[in-house]
Amino acid sequence: MTDPGTGGRHAPAATLEPPFASVADVCAIVGAAAAAPSVHNTQPWRFHCADDATMELYADLDRLLTVTDPMGRGLGLSCGAALYNLRLAVRVTGHDARVRILPDPAERPDLLATVHAVPGAPPTADELLLHAMIPHRRTNRFPYDDRPVPREIVVGLVHAAHAESATLVPVSGRTARRVLELVAMADDTLADDPAYRAELAHWTVTDARADGVPEHAAGPRPRDGRLPMRDFGQRVGTADFEPEPQLAALFTRGDGPRDWLRAGQALQRVLLTATSHGVAASLFSQPLDLRPPQHRGDNAAGPFGHVQMLIRLGYGPPVPRVPRRPVAEVLDGLEARRA
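- By the naming in an unreviewed UniProt entry, the protein is NAD(P)H nitroreductase, taken from Nonomuraea coxensis DSM 45129.

1. Comments concerning the overall build of the protein
Line of reasoning, step 1. For the protein, the helix and strand inventory stands at 11 helices and 11 strands.
Line of reasoning, step 2. Every one of the 339 residues in the protein was classed for burial, and the buried ones make up 49%.
Line of reasoning, step 3. When contacts within the protein are restricted to residue pairs at least 6 apart in sequence, those whose partners lie at least 24 apart make up 75%.
Line of reasoning, step 4. Of the accessible surface of the protein, which amounts to about 15,300 Å², a share of 55% is contributed by carbon and sulfur atoms.

2. So, the sheet that holds strand β3 (residues 95–101)
Line of reasoning, step 1. Here five strands make up an open sheet; going across it, the order is β3-β4-β2-β1-β11 and the pairing mixed. Of all strands in the sheet, those bounded by a partner on one side alone are β3 and β11 (331–332).
Line of reasoning, step 2. Two strands pair when backbone bridges link them, and strand β2 (residues 54–59) and strand β4 (residues 111–119) are joined in this way by five bridges, in the antiparallel orientation. Paired with Leu57 across the two strands is Ala113, which belongs to β4.
Line of reasoning, step 3. Relative to strand β1 (residues 45–51), helix α1 (residues 23–33) is tilted by about 150 degrees, and along the sheet it contacts β1, β2 and β11.
Line of reasoning, step 4. Of the strands in this sheet, β1, β2, β3 and β4 touch helix α2 (residues 73–91), which is tilted by about 155 degrees from β3.

3. Section: the pattern of salt bridges
Two side chains with opposite charge may pair up if their charged atoms get near one another.
Line of reasoning, step 1. Overall, the coordinates contain 16 salt bridges when judged by the stated rule.
Line of reasoning, step 2. For the salt bridge of Asp60 with Arg325, the shortest nitrogen-to-oxygen distance reads 3.3 Å. On the criterion of sequence distance, the pair formed by Asp60 in the loop between β2 and α2 and Arg325 in the loop between β10 (306–314) and α10 (327–330) is long-range, its members being 265 residues apart.
Line of reasoning, step 3. Among the salt bridges present, the one from Arg312 reaches Glu242, with a minimum N-O distance of 2.6 Å. You can see Arg312 sitting in strand β10 and its partner Glu242 sitting in the loop between β7 (238–239) and β8 (246–252), a full 70 residues away along the chain.
Line of reasoning, step 4. Judged by relative accessible area, Arg312 falls into the buried class, the value being 0%.

4. Side note on the packing of helix α4 (residues 151–163) against helix α8 (residues 257–276)
Between two packed helices, both the angle of their axes relative to each other and the distance between the axes serve to describe the pair.
Line of reasoning, step 1. Between α4 and α8, the least distance of the axes is 8 Å, while the angle of their chain directions is 150 degrees. As the angle between them shows, α4 and α8 are arranged roughly antiparallel. For the pair α4 and α8, the crossing hand works out as right-handed. Along the contact surface, α4 presents Gly156, Leu157, Ala160, Ala161 and Ala163, while α8 presents Ala266, Arg269, Val270, Thr273 and Ala274.
Line of reasoning, step 2. Classifying every residue of the contact of α4 with α8 by side-chain character gives seven nonpolar, two polar and one charged.

5. Regarding α8
Line of reasoning, step 1. Between the first and last C-alpha of α8 there are 29 Å, a value that for 20 residues agrees with the 28 Å anticipated at 1.5 Å per step.
Line of reasoning, step 2. Burial of α8 is extensive: 15 of the 20 residues sit out of reach of the surface.
Line of reasoning, step 3. Two residues or fewer past α8, Gly278 is found with a positive phi of approximately 75 degrees.

6. Focus on helix α5 (residues 173–191)
Line of reasoning, step 1. Along its 19 residues, α5 runs 27 Å from first to last C-alpha, staying within 8% of the 27 Å computed at 1.5 Å per residue.
Line of reasoning, step 2. Among the residues of α5, Ala176, Val179, Leu180, Val183, Ala186, Asp187 and Leu190 are the ones counted as buried. Relative to the axis of α5, the buried residues are bounded by an arc of 125 degrees and lie together on one face. Away from its buried face by more than 90 degrees, α5 exposes Arg174 and Asp188.
Line of reasoning, step 3. Of the surrounding secondary structure, the elements contacted by the buried residues of α5 are β5 (167–171), α6 (194–204), β8, β9 (280–284), α9 (286–289) and β10.

7. Observations regarding the side chain of Asp60
Line of reasoning, step 1. Using a relative accessible area of 8% as the deciding quantity, one classes Asp60 as buried.
Line of reasoning, step 2. Among all residues touching Asp60, those that are not within four sequence positions of it are Pro44, Trp45, Arg46, Leu75 and Arg325.

8. Here we look at the packing of aromatic side chains
Line of reasoning, step 1. For the structure on display, the rule yields one aromatic pair.
Line of reasoning, step 2. With a centroid separation of 5.4 Å and 45 degrees between ring planes, the pair formed by Phe251 and Phe304 is classed as tilted. With Phe251 in strand β8 and Phe304 in the loop between α9 and β10, this pair connects stretches of sequence that are 53 residues apart.
Line of reasoning, step 3. Judged by relative accessible area, which is 14%, Phe251 ranks as buried.
Line of reasoning, step 4. Lying over the aromatic face of Tyr315, Arg147 brings its terminal NZ or CZ to 4.1 Å of the ring centre.

The rules behind these values
- Residues numbered from 1 in each chain as written.
- Predicted model: local features only at pLDDT ≥ 70, side-chain atom pairs only at ≥ 80, totals over all residues.
- Heavy atoms only, no water.
- Helix = DSSP H or I, 4+ residues; strand = E, 2+ residues; numbered from the N terminus.
- Buried < 20%, exposed > 50% of the residue type's maximum accessible area, 1.4 Å probe, protein only.
- Contact = heavy atoms within 4.5 Å.
- Areas by Shrake-Rupley, 256 points an atom, 1.4 Å probe, with all protein chains shown as cover.
- Pairing = 2+ DSSP bridges.
- Axes fitted to C-alpha atoms, helices over the stretch in contact; angles between N-to-C directions.
- Salt bridge = Lys/Arg side-chain N within 4 Å of Asp/Glu carboxyl O.
- Parallel < 35°, antiparallel > 145°, perpendicular 65-115°, else oblique.
- Left-handed = near helix turned anticlockwise from the far one by under 90°.
- Nonpolar A, V, L, I, M, F, W, Y, C, P; charged D, E, K, R; others polar.
- Expected span 1.5 Å × (residues − 1).
- Arc of directions from axis to C-beta.
- Phe/Tyr/Trp six-rings, centres within 6.5 Å; stacked < 30°, edge-to-face > 60°.
- Lys NZ or Arg CZ within 6 Å of the ring centre and 35° of its normal.

Right, dumping it as structure tokens:
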């Protein structure tokens, strides 16, 4: 691929400016990273620009869901999705992103990854496309129509997960109906827990938080109750949802902090790939939220490993974006770089 700014010639690697050399570039790249999806829209990440070529990703433990996610699995997936966006934003500058996962777990357990940029090849057409999809990706909790997602698109989503060392398995028919039954039972169990309801309201209801899940993004309640969409306490009205939801399950071989970050990166690559094809998605994690913490990281995995997320795919109406924390709120050291 050629660089359009060099008259069709490849830009010499030595002339590339480091991607974090300017405040504007840092804000643009962190803004892309912070556009990732997160559990209950908690956005549980912080970034620190260590130098012109190095960005650090931290867990914002003040945003850990202590009832729903005491071990940090959902936080890890959320930060993994942000890490994928960060890598992609670095790549489109013509740099390779060299990532170290959990580089100092003993001394800095909240440091999830360091990303060091080195000059690389120009970005590919696929990388440019996925990067362009970052501001357009949405979690769509509204009804989808009955059109099946074409097989070639599903295969592309499977390949996207595989590229991030994860496995995406389409789920249909009787298995899909059983999965939805398990989601519904888990959702009912969670809804009966006052502590869970209070935590959900704190992080999602926009009367409580400016960056919660707003009413216009929560979607309606399913009229027949067959599709267990998570109730954010502010759904308005009811609607008929698709009778046969198209599902996929995302797996990793292990089930620890590194695997959660890997799953988040794979999830985001899948979601951006779906967005590029006009395919909508929403996420289910209720049965996973109920898994006892003492069984996290055990060896009780199926043939594909450990399931990390359930994804509903289809074709739905356009939906607006949900609120995002300002870049200045999630980026440390910005004032020092301006000085």
